[in-house]
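Notes for the structure review
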Amino acid sequence: MTATRPLNQLPAPAAAATDRPSEGPVFLTYHGEPYQLWHDRIVLDWTTRTGCKHQHWGGGPRRPCRFCHHLCWLIDMHSRPVHKVCLEQAITTTLLSRLEKQAA
Ligand SMILES: [Zn+2]
């Protein structure tokens, strides 16, 4: 018989990927807004419905993502082609390295 464990007893895979202590949610500030990490990265809200002022649909043919160089449809706030996930990962890495430098 397989017992189903409650969610709070499952290991936290995201916490294992970093050296940060797993003492609750980690928040990073980006452009003055707090972001809780989700799967070890911030998640940008690009929906105009909730107030994003930038257009993120590239509209034309797919172009190479500035991070991974695979073709993508989306653009960042400066109209450079990106995958949203690639941009989020890059921002998170930058913010976390800044925090580590501050802590050192
Ligand atoms: Zn990419």
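Structure: above.
For clarity, every value in this text was computed on a predicted model and none was experimentally measured.

**A closer look at the overall build of the protein**
In terms of helices and strands, the protein carries two helices and four strands. For the protein, the α and β elements follow one another from N to C terminus as α-β-β-β-β-α. Split into buried and exposed, the 104 residues of the protein put 11% on the buried side. Taking the intrachain contacts of the protein between residues at least 6 apart in sequence as the baseline, contacts between residues at least 24 apart amount to 21%.

**A closer look at the environment of Val82**
Its location among the elements puts Val82 in the loop between β4 (71–72) and α2 (84–103). Taking the C-alpha atoms as reference points, Val82 and Phe67, separated by 15 residues in sequence, lie 7.0 Å from one another. The contacts of Val82, once residues within four sequence positions are left out, are Cys65, Arg66, Phe67, Cys72, Leu74, Ile75, Asp76 and Leu87.

**Considering the nonpolar core**
Core analysis: the biggest nonpolar cluster contains six residues, these being Cys65, Cys72, Leu74, Ile75, Val82 and Leu87. With sequence-adjacent residues up to four places away left out, Leu74 is seen in contact with His56, Trp57, Gly58, Val82, His83 and Lys84.

**What to know about the pairing of strand β2 (residues 33–36)**
In this structure, strand β1 (residues 27–30) lies alongside β2, joined through four bridges in antiparallel fashion. When the bridges of β2 are listed, Tyr30 appears paired with Glu33. Between β1 and β2, which pair antiparallel in sequence order, lie two residues; one of them, His31, sits at a positive phi of approximately 55°.

**Structural notes on the environment of Trp46**
Note that Trp46 resides in the loop between β2 and β3 (63–64). The class for Trp46 is partly exposed, based on 16 C-beta atoms found within 10 Å. Sequence-wise, Trp46 and Trp57 are eleven residues apart; in three dimensions their C-alpha atoms are separated by 9.8 Å. Ignoring anything within four residues of it in the chain, the contact list for Trp46 reads Cys52, His56 and Lys84.

Criteria and thresholds
- Residues numbered from 1 in each chain as written.
- Predicted model: local features only at pLDDT ≥ 70, side-chain atom pairs only at ≥ 80, totals over all residues.
- Helix = DSSP H or I, 4+ residues; strand = E, 2+ residues; numbered from the N terminus.
- Buried ≥ 20, exposed ≤ 12 C-beta atoms within 10 Å, placed from the backbone.
- Contact = placed C-beta atoms within 7 Å.
- Core = buried A, V, L, I, M, F, W, Y, C linked by C-beta atoms within 7 Å.
- Pairing = 2+ DSSP bridges.

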